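Structure at a glance
Letter by letter, the chains look like this.
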Amino acid sequence: MGQKLYVRLFQRKLKWLQVSKLDYEEICKELGPVAQELVEGGFLQTENDLQELGEVLDLLPAPELKGLAKTFHLGGSGTQKQQLVDGLLRLSRQKSLFSLTPGQNNIGAVILKRAKQLAGSCVRLRRGPRAVFSRVLLLFSLTDPMEEEEMAAGGQGQLYTILLVNSGRLAFPDYTVQRSAKLFRDREDLIGYEAAVRALQEVITAMQTGQWEEALELYTTAKTAWQELQKIYDLSHQEELPVFLRCFTTGWAYTRILSRGVEILQRLRRYEEAVEELQSLLAQSLYCPDSRGRWWDRLALNLQQHLKQPAQAIGAIRDGLSDPLVRTGHQLSLHQRAVRMKESASFKKYRLQLRDLPTIEIQDVTHVTIRGQLFPHEGGTGKSVFLMPADDEGVGSGNATIMCSVEELSLAHYRRQGFDQGIHGEGSTFSTLFGLLLWDIVFMEGVPDVFRNPYQSSPLDLFTDCFYGNRKEAIETRVQVLCEASVETLHNMLEDIWTSQEGKVCSLLNWELFSSLQQAQSLVSCLGGAFLGGIITRMAKDYRHCRGGLPDLVVWSTSNNTYKLVEVKGPNDRLSQKQQIWLDELQKLGADVEVCHVTAIGARGACLE
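Residues numbered from 1 in each chain as written. Predicted model: local features only at pLDDT ≥ 70, side-chain atom pairs only at ≥ 80, totals over all residues. Heavy atoms only, no water.

Considerations on the sheet that holds strand 3 (residues 122-125)
Note the cut-off: Here the rule is simple: two strands pair whenever DSSP picks up at least two bridges between them. Helical segments are the DSSP runs of H or I of at least four residues, strand segments are the runs of E of at least two, and each set is numbered from the N terminus.
Strand order in the open sheet made by the three strands is 1-3-2, with antiparallel pairing throughout. The open sheet has two free edges, formed respectively by strand 1 (17-18) and strand 2 (44-46), since each of these has just one partner strand. As paired strands, strand 1 and strand 3 are joined by two bridges and run antiparallel to one another. From the neighbouring strand, Gln18 faces strand 3, where its bridge partner is Cys122.

Shown next as structure tokens:
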């Protein structure tokens, strides 16, 4: 029972808890003795260790705090819990006239004693044992570098995943766990990594809550710690790791903090320091190579706009465009900055330098405009909401009107054009098809270190160039098969994976996207193997940068096997660089692509023209 209670408490936030309020009937109705067992084992602290007044007050509900405030004649402290806590804390800091010794504060001690009496028996997990368990889980759950919060929590979510798998409510794909590389040389190395991840999470939290000065302080401290670490330790083992494992190193975590530091410095208008940090980040290519596009883009912007140094900005654009690690959207963004500078009279004397820069050609696609009645909602912020007759949705409810998104309005428009099927899936439509048609290759054996525990929804190298490199021959063979495949072969390929793997957790797939296997098959019939082969090649080579920017809608006609890929733009919405690149790429692959602009008409206008 003690173990069960410990696991429950471990999954909660680390703070004091009242034993009387612990409610886990499935373990035991009376948890006091169970908690006592954990206290004796050295796993829990008791109220004897609770000496912080703020922590005790936090345990008490508002009515008890109000009674406590009344005892100390705090009438004007308000009725909200936080107001009452603040009032009691202010009082506790006041000096008592009757203190026996200069350092003693009687009022604070009396409030603490009374508050502890009200709180009753309390427990909190001891930090030492908890840190060990967190470390074990962190080691076990090194699978997804994207989930910073989960890593900072020591992988506690992993416990829940294991529980779901053990109870049969969750299933992962079949693959072979093969660990060959040693991530951490020793215990100290792991503890260092854990500290760096926690520092990163603290910086992110400070930024999210708008505490920019605190974020700056945290970033500066972390930067100093990283500089010291580089002087003292030999970090060559981190350099030898493949890039998809290097993201689990202290160097990677600290580089993420430095990258966040750029955002903090910019926010505080310290552009010279932001430029210095960006130049320092770009001087190395060992850590976070997938962020280089963003760094070059930001460096060029800061030099041109904020520091008014056009010559240096042009140099940054040139270096960024020739950096092989700068991809898709950021590459186009740098090119477009150069074009804007070339066309501006302010940079006339730099035209020669700007003319020598590499260029990127992007072909435009068909644009159509439809009109819809905008729903007048308060505030005017957030996504536009439109009104549409219910029969446009195929509901057939007389004169009823429904509220819908800009994408739903567009789907209704294409339905009237004869496209009886349509999905608003953005990138997930194509990543789902990618996962279904490449399932066995994604989870293939023989690639070391990409599967390091049994609860992974994708291989660790998926977001790196290594994914294609490690499976090049298999992917090229599959693409060749797809290009030559008949409709029947494509249907069979989908059916084999769908029937054998449906419901298994894979980050590439959204099993709810298609209403049925038959709907997925009908779409594949329209798209054709050659087009799918082209999409899969592009996504496999650089999934990290290619999963975003795909068109919002895929609409198709089951009667004549035609389809359209549609990017929908509501009022005041523009195409992003990634979207422009994908539309151009899809058009080159032979797809019928268009951008559908939705303009709003007032409440008095027609519902849709």
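Picking up after the structure, the text goes on.
As for unusual backbone geometry
Peptide bonds are trans in most cases, and residues, glycine excluded, mostly fall at negative phi. Put simply, the rule reads: Partly exposed describes any residue whose relative accessible area lies between the buried limit of under 20% and the exposed limit of over 50%, with all areas from a 1.4 Å probe on protein chains only and scaled to the type maximum.
A positive phi angle is found at Arg269, which is not glycine, with a value near 60 degrees. Within the secondary structure layout, Arg269 lies in the loop between helix 14 (250-267) and helix 15 (271-282). In this structure, Lys308 takes a positive phi of about 55 degrees despite not being glycine. Position of Lys308 relative to the elements: it lies in the loop between helix 16 (292-306) and helix 17 (310-321). Lys308 gets classed as exposed once you look at its relative accessible area, which sits at 61%.

Quick look at the confidence of the model for the protein
A low pLDDT means the predicted coordinates there should not be read in detail. Rules: Every residue carries a pLDDT, the predictor's confidence in it, which falls somewhere between 0 and 100. Any two residues having at least one pair of non-hydrogen atoms within 4.5 Å are treated as being in contact.
Chain-level pLDDT for the protein is 87 on average; 92% of the residues reach the 70-or-more range. Averaged pLDDT values over the elements of the protein bottom out at 46 in helix 8 (residues 148-152) and peak at 97 in helix 15. Ignoring residues within four places in sequence, the model shows residues 145-152, a span with pLDDT below 50, making 22 contacts including any to other chains. Per-residue pLDDT stays below 50 along residues 604-609; that stretch engages in 16 contacts with residues further than four places along the chain or on separate chains.

Overview of the packing of helix 1 (residues 2-10) against helix 2 (residues 32-40)
A packed helix pair is summarised by two numbers, namely the angle formed by the two axes and the spacing between the axes. This is how it is decided: The convention used is that axes are lines fitted to C-alpha atoms, helices contributing only their stretch in contact, and that angles between N-to-C directions extend from 0 to 180 degrees. Any angle that falls under 35 degrees is termed roughly parallel, while one over 145 is termed roughly antiparallel, one within 65 to 115 roughly perpendicular, and all others oblique. Classes in brief: Ala, Val, Leu, Ile, Met, Phe, Trp, Tyr, Cys and Pro nonpolar; Asp, Glu, Lys and Arg charged; the others, Gly included, polar.
The contact between helix 1 and helix 2 brings their axes to 9 Å, and the two run at 85 degrees. What the angle tells us is that helix 1 and helix 2 run roughly perpendicular. Contact with helix 1, carried on its side by Gly2, Leu5 and Tyr6, involves Val34, Ala35, Glu37 and Leu38 of helix 2 and no other residues of that element. Residue classes in the contact of helix 1 with helix 2 are distributed as five nonpolar, one polar and one charged.

Let's talk about the packing of aromatic side chains
Heads up, the rule is: A pair of Phe, Tyr and Trp rings is counted when the ring centres sit within 6.5 Å of each other, with Trp represented by its six-membered ring. The angle between the planes then sorts it: under 30 degrees is stacked, over 60 is edge-to-face, the rest tilted.
Counted by the stated rule, this structure contains 19 aromatic pairs. Judged by centre distance (5.5 Å) and plane angle (65 degrees), the ring pair of Tyr6 and Phe43 falls under edge-to-face. Here the residue Tyr6 occupies a position in helix 1, and Phe43 occupies one in the loop between helix 2 and strand 2, the gap between them amounting to 37 residues. According to the relative accessible area criterion, Phe43 is partly exposed, its value standing at 29%. Look at Phe463 and Tyr543: their rings are 5.7 Å apart centre to centre, the planes differ by 55 degrees, and that puts the pair in the tilted class. You can see Phe463 sitting in the loop between helix 21 (427-442) and helix 22 (466-484) and its partner Tyr543 sitting in helix 26 (residues 543-546), a full 80 residues away along the chain. A relative accessible area of 25% places Phe463 in the partly exposed class. Judged by its relative accessible area of 6%, Tyr543 falls in the buried class.

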